[in-house]
Amino acid sequence: MNTLLILPLLIPALAAALGLLLPRRVWPRRALALVATSALTAGAAWLLWEVWHGGVLVLRVGGWEAPVGITLAADLLGALMVLLTGVMGVAGVVYGAGTLEPRLEAGAFHPLLLVMLTGVCGGFLTADLFNLFVWFEVMLVASFVLLTLEAGRARLEACLKYMMLSLLGSALFLTALALLYAVGGSLNMADLARRLPGTSQPALATAAAMLLIVVFGLKAATFPFFFWLPASYHTPPVVVTTLFSALLTKVGVYALFRTFTLLFTGDPGLTHRVLLWMALLSMVTGVLGAVAQYDFRRLLSFHIISQIGYLLVGLALFSRVALAASIAYWVHYVFAKSALFFVTGATERVTGTQDLARMGGLARSHPVLAGLFLVPALSLAGVPPLSGFFAKMALLRAALREEAWWVAGVGAAVGLLTLFSMMKVWREAFWKQPPHEARGSTGPAALLGPCVVLALLMVALGLGARPLYLLADAAAAQLLEPSAYIHAVLGGDT
Amino acid sequence: METGLILVTGVLYAAAIYSLLRRSLVRLALGLVLLGHATNLTLFVANGVSRALPPLLPEDGTPLAGPLSDPLPQAFILTAIVINFGMLALLLGVVHRTEREVGRDDIEALRTEDPSHESPET
């Protein structure tokens, strides 16, 4: 069943190539993208099933042995992330069908989206740091072009900032790889994990670890490196923002999870403490930025930073309970945040603005939309019985179990502020008297459909949280006990 | 040999940072290119410069004697150069678009009052 691993890369890549060959019409390209993302989801679900039952899956591309050749590997975390990517891909294509200009959909949008999905899945499945770099670039190139499609002046500015920062990050990534290769003599992660503990230059390895924190922190938009995100994420079409927030920053978080559970566990007193501070400061600055915003999408962009802090807390605490809570939070967060971004597309269509001060009265004129906002908003803020409550509670309990009571305190306080900023949106956009009559309808079903599905998923994950937590717990156990992963990647000679 | 390479690396980094700190968009792009090259050279120098044999087996299959050079850093650099080149092409495209849109090769000219905020008047 190891060939399954190539499906998440092959399906979107082939579909992207095929999509460019199709006539420049909306329907054929949209249909192909829908088929491809659905197939990706199905393939990922199958992959997750196989990994759940059979342990870590490994594919040696071209038959080359592990430390030398290109190796793909999927453990539970990787497979789960690929599944999330597939689901968000489907949601994105459906939502795009309802919101995008036909010219974009007939043009390069769908092939670019599929290339981006290829890059994201590649990042989740690769077992080699240099390949991770290459997949990062694949993903970035596609995201650059998605950001600049039909761009006006404001969007070009945003895109230039994003490009510069990303390219700078790539250069730093390569520098870190140079150091790591000099220290460990390999860039295969499993091989490095075996060699690093016995290295004669542990200081150099720590330097590489710090560089990687910077690089992945930049991609994931954590505390000191987040400034590019609110500057660029509010400009492109809503569907592009949503997919960026659901997938691109998460690849950075995933890379942190992978490297700091597998490679740099020798000195957690330093590395994981740095991560903890980054996580806490991201949580606080993100939510404070959000509280101050009156632009709907900017507010949500700041929330991304805060939520990424929550994800990293679990990694920084570095216990099985904490990692499991983080992974569960991850799934909940991708759904909740995407649903909120999808709602901004609908409110913008109804009111013609993203400025909260200019909205109002939507609760009376569009009650369905208000409900669809309320479910993910409350879930994100952690109100029971939605998925966010259990995710947040698990994280706080993990922090308390580690006796990091102040971490739990910060988490709870940030949760309250999140609730406060969501209530501000509710009051401004949905509750108060509108400054002028709302016009227009919410548009076709394709626009609200993904919101409804995501809201139902959140309720389902809240009421039936157990399977997700079992999965997250197993994934966390795999991360903390990497010998199975190392053994699977390197073969019998460990 | 190594000293020379190290000097070149330093000069490249310095030039890259100098260009990155300028206000011109084209120089910004140039700075990123130089930074890419500096990084590639770092990758090369960090992993040992030697005049060892290329790790290729002769056709008759006799095993190689003596120290062999490690081909992997060179493979990494080759890949990085290709990626860098593609990124440069894209970046220059965006810079060109921006310059046509703004009319000036100046980052300050880009600092807009965020027109995305303004909704059409009703």
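Here, the structure is the one placed above.
Residues numbered from 1 in each chain as written. Chains lettered and ligands numbered in written order. Predicted model: local features only at pLDDT ≥ 70, side-chain atom pairs only at ≥ 80, totals over all residues. Heavy atoms only, no water.

Draft legend 1. Fine view of the nonpolar core. With 215 residues, the main nonpolar core has Phe257, Trp330 and Phe373 of chain A as its most contacted residues. Considering every element that reaches this core, the biggest residue donor is helix H14 (residues 320-351) of chain A, with 20 residues. Setting aside its immediate chain neighbours within four residues, phenylalanine 373 of chain A contacts Phe296, Leu340, Val343, Met422, Val425, Trp426 and Phe430 of chain A. Core analysis: the second largest hydrophobic core is formed by 6 residues, Leu5, Ala38, Val45 and Val49 of chain B among them. (Core = buried A, V, L, I, M, F, W, Y, C linked by side-chain atoms within 4.5 Å. Buried < 20%, exposed > 50% of the residue type's maximum accessible area, 1.4 Å probe, protein only. Helix = DSSP H or I, 4+ residues; strand = E, 2+ residues; numbered from the N terminus. Contact = heavy atoms within 4.5 Å.)

Draft legend 2. Inspection of helix H21 (residues 483-490) of chain A at higher detail. Residues and elements named next belong to chain A. All of the buried residues in H21 are Tyr485, Ile486, Val489 and Leu490. Down the axis of H21, the buried side of the element spans an arc of 110°, and every buried residue falls inside it. The secondary structure elements touched by the buried residues of H21 are strand E1 (57-60), strand E2 (71-74), helix H8 (189-195) and helix H11 (238-262). Just downstream of H21 lies glycine 491, where phi reads positive at about 85°. (Arc of directions from axis to C-beta.)

Draft legend 3. Layout of the interface of chain A and chain B. Across the contact, 35 residues belong to chain A and 40 residues belong to chain B. Across the chain A to chain B interface the summed buried area is about 3,300 Å²; carbon plus sulfur atoms make up 72%. For chain A, the biggest contributors to the area lost against chain B are Arg153, Met164 and Tyr181 of chain A; these three give 20% of the whole. Counting across the chain A and chain B interface gives 0 salt bridges. Secondary structure elements with two or more residues in the side of chain A that touches chain B: helix H6 (129-148) and helix H7 (153-184) of chain A. Here the side of chain A that touches chain B gets 16 residues from one element, more than from any other, and that element is H7 of chain A. For the side of chain A that touches chain B, the class distribution of residues is 22 nonpolar, 6 polar and 7 charged. (Buried area = accessible area lost by both parts, 1.4 Å probe. Salt bridge = Lys/Arg side-chain N within 4 Å of Asp/Glu carboxyl O. Nonpolar A, V, L, I, M, F, W, Y, C, P; charged D, E, K, R; others polar.)

Draft legend 4. Representation of the packing of aromatic side chains in the model. Residues and elements named next belong to chain A. All chains considered together, the criterion is met by 24 aromatic pairs over all chains. The residue whose ring lies beneath lysine 219 is phenylalanine 136, and the NZ or CZ to ring-centre distance is 5.0 Å. Above the face of the tyrosine 294 ring, lysine 424 is positioned so that its terminal group lies 4.5 Å from the ring centre. (Phe/Tyr/Trp six-rings, centres within 6.5 Å; stacked < 30°, edge-to-face > 60°. Lys NZ or Arg CZ within 6 Å of the ring centre and 35° of its normal.)

Draft legend 5. Quick look at unusual backbone geometry. Residues and elements named next belong to chain A. Although it is not a glycine, alanine 221 adopts a positive phi angle of roughly 60°. Residue placement: alanine 221 occurs in the loop between helix H9 (202-220) and helix H10 (228-232). Even without glycine at this site, phenylalanine 318 takes up a positive phi of about 60°. Within the secondary structure, phenylalanine 318 is located in the loop between helix H13 (296-317) and H14. You can call phenylalanine 318 partly exposed: its relative accessible area is 24%.

Draft legend 6. Region of the structure containing helix H1 (residues 7-21) of chain A. Taking 1.5 Å of rise per residue, the 15 residues of H1 of chain A would be expected to cover 21 Å, and the 21 Å separating its terminal C-alpha atoms lies within 8% of that figure. In this fold, the buried residues of H1 of chain A make contact with helix H2 (26-54), E2, helix H3 (76-99), helix H5 (109-125) and H6 of chain A. (Expected span 1.5 Å × (residues − 1).)

Draft legend 7. Representation of a nonpolar patch on the surface. Residues and elements named next belong to chain A. Together, Trp277, Leu281, Leu400, Trp405 and Trp406 line one region of the surface with nonpolar side chains, adding up to about 560 Å² of accessible area. Of all the secondary-structure elements, those providing two or more residues to the nonpolar patch are helix H12 (268-292) and helix H18 (405-431). In this structure, tryptophan 277 sits in helix H12. You can call tryptophan 277 partly exposed: its relative accessible area is 45%. (Patch = residues over 30% accessible without salt bridge, like charges linked within 9 Å, V, L, I, M, F, W, Y side chains within 5 Å. Areas by Shrake-Rupley, 256 points an atom, 1.4 Å probe, with all protein chains shown as cover.)

Draft legend 8. Main features of the packing of helix H16 (residues 367-381) of chain A against H18 of chain A. Residues and elements named next belong to chain A. Running from amino to carboxyl end, H16 crosses H18 at an angle of 165°, the nearest separation of the two axes being 9 Å. Between H16 and H18, the angle is such that the two are roughly antiparallel. Between H16 and H18 lies a crossing of right-handed hand. Contacts from Leu369, Ala370, Phe373, Leu374, Ala377, Leu378, Leu380 and Ala381 of H16 reach H18 at Gly415, Thr418, Leu419, Met422, Met423, Val425, Trp426 and Phe430. (Axes fitted to C-alpha atoms, helices over the stretch in contact; angles between N-to-C directions. Parallel < 35°, antiparallel > 145°, perpendicular 65-115°, else oblique. Left-handed = near helix turned anticlockwise from the far one by under 90°.)

Draft legend 9. Up close: the pattern of salt bridges. Residues and elements named next belong to chain A. Within the structure shown, the criterion is met by 10 salt bridges over all chains. Among the ionic pairs, glutamate 157 bridges to lysine 161, the shortest N-O distance being 3.4 Å. In this pair, glutamate 157 and lysine 161 both sit in helix H7, 4 residues apart, roughly one turn of the helix. Look at glutamate 157 and you get buried, because its relative accessible area is 16%. Residue aspartate 191 is joined to arginine 194 by a salt bridge in which the shortest nitrogen-to-oxygen separation is 2.9 Å. Residue aspartate 191 and its partner arginine 194 are both found in helix H8; the two are separated by 3 residues, about one turn of the helix. Overall, the relative accessible area of 40% leaves arginine 194 in the partly exposed class. Via salt bridges that share partners, Asp191, Arg194 and Arg195 belong to a single interconnected network.

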